[in-house]
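# Per-entry structural report
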Amino acid sequence: MKLMIASDIHGSAYYCRELINKFEEEKPDKLLLLGDILYHGPRNDLPRDYAPKKVIEMLNPLADKILCVRGNCDTEVDQMVLDFPVLADYALLYFGGKMIFASHGHHYNPENPPKAIKGGILLNGHTHIAEIRDCGDFLYINPGSVSIPKNGTSNGYIIAEDNPLKFTQKTLGSEA
């Protein structure tokens, strides 16, 4: 099994297109989105080519390939226009012999991990900072942001493979 993991598209048609191009190139089984899909949020500047309706048009044809958790910028209105579930606060996945607790990161994160994660993997977005870190009781993984990376990280995503278990940070095309 191969997963593409991405977060924080924030309505950027440009970077959503870049992500889908990489999805077609990488050929993963599923695309796991860690929230903040359509809206940029009041704390962020508008991302490049902010066009939520175009993002909807690009993602809906992939609905059968998308797993998603809700971000702090995702709402019930978003569920009305997206053809895949977007309102779950978290997802539990068993991948490569490990339990993965996937959430956006605004509730559960390295400073406030879920109790059930010991020995597993905590997967978050939210901070817009790509990171893979051993937290002692669990492995913390954050793909960063597709459209608005922070702290000098790149626009990116992660490819996860289960045999053997491996997480690889990848970069989208850089902004010109």
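In what follows, the accompanying structure is described. (Residues numbered from 1 in each chain as written. Predicted model: local features only at pLDDT ≥ 70, side-chain atom pairs only at ≥ 80, totals over all residues. Heavy atoms only, no water.)

On to the state of the cysteines, then. Note on terminology: a disulfide is the covalent bond linking the sulfur atoms of two cysteines. Taken as a whole, this structure holds 0 disulfides when the rule is applied. Free of any disulfide, C68 has its nearest cysteine sulfur in C16, 12 Å distant. Residue C68 is classed as buried on the basis of its relative accessible area of 10%. (Disulfide = S-S within 2.5 Å. Buried < 20%, exposed > 50% of the residue type's maximum accessible area, 1.4 Å probe, protein only.)

Bringing helix α2 (residues 52-59) into the picture now. Those residues of α2 not exposed but buried are V55, I56, M58 and L59. Buried positions in α2, seen along its axis, are confined to an arc of 165 degrees and lie on one side of it. Away from its buried face by more than 90 degrees, α2 exposes K53 and E57. Elements in contact with the buried residues of α2: α1 (13-26), β2 (30-33), β3 (66-68) and α3 (76-81). (Helix = DSSP H or I, 4+ residues; strand = E, 2+ residues; numbered from the N terminus. Arc of directions from axis to C-beta. Contact = heavy atoms within 4.5 Å.)

Counted under the stated rule, the structure contains 3 aromatic pairs. Look at Y14 and Y15: their rings are 4.8 Å apart centre to centre, the planes differ by 90 degrees, and that puts the pair in the edge-to-face class. The exposure classification of Y14 matches that of Y15, with both residues buried. Ring plane angle 75 degrees and centroid distance 5.1 Å describe the contact between F101 and Y108, whose orientation is recorded as edge-to-face. By relative accessible area, which is 31% here, Y108 ends up partly exposed. Of the aromatic side chains, those joined through ring pairs into one cluster are Y90, F101 and Y108. Sitting over the face of the ring of Y14, R48 holds its NZ or CZ atom 3.6 Å from the ring centroid. (Phe/Tyr/Trp six-rings, centres within 6.5 Å; stacked < 30°, edge-to-face > 60°. Lys NZ or Arg CZ within 6 Å of the ring centre and 35° of its normal.)

A separate point is the pairing of strand β5 (residues 98-103). With 5 of 6 residues buried, β5 is to be regarded as a mostly interior element. Of the pairings in the sheet, the one linking strand β4 (residues 90-95) to β5 comprises 6 bridges and is antiparallel in character. Looking at β5, one finds that L92 is bridged to F101. If you look at the hairpin formed by β4 and β5, you'll find 2 residues sitting between the two strands, and G96 has a positive phi there, around 60 degrees. Examined bridge by bridge, β5 and strand β6 (residues 121-123) share 3 bridges and lie parallel to one another. Across the sheet, residue F101 finds its bridge partner in β6, namely L122. (Pairing = 2+ DSSP bridges.)

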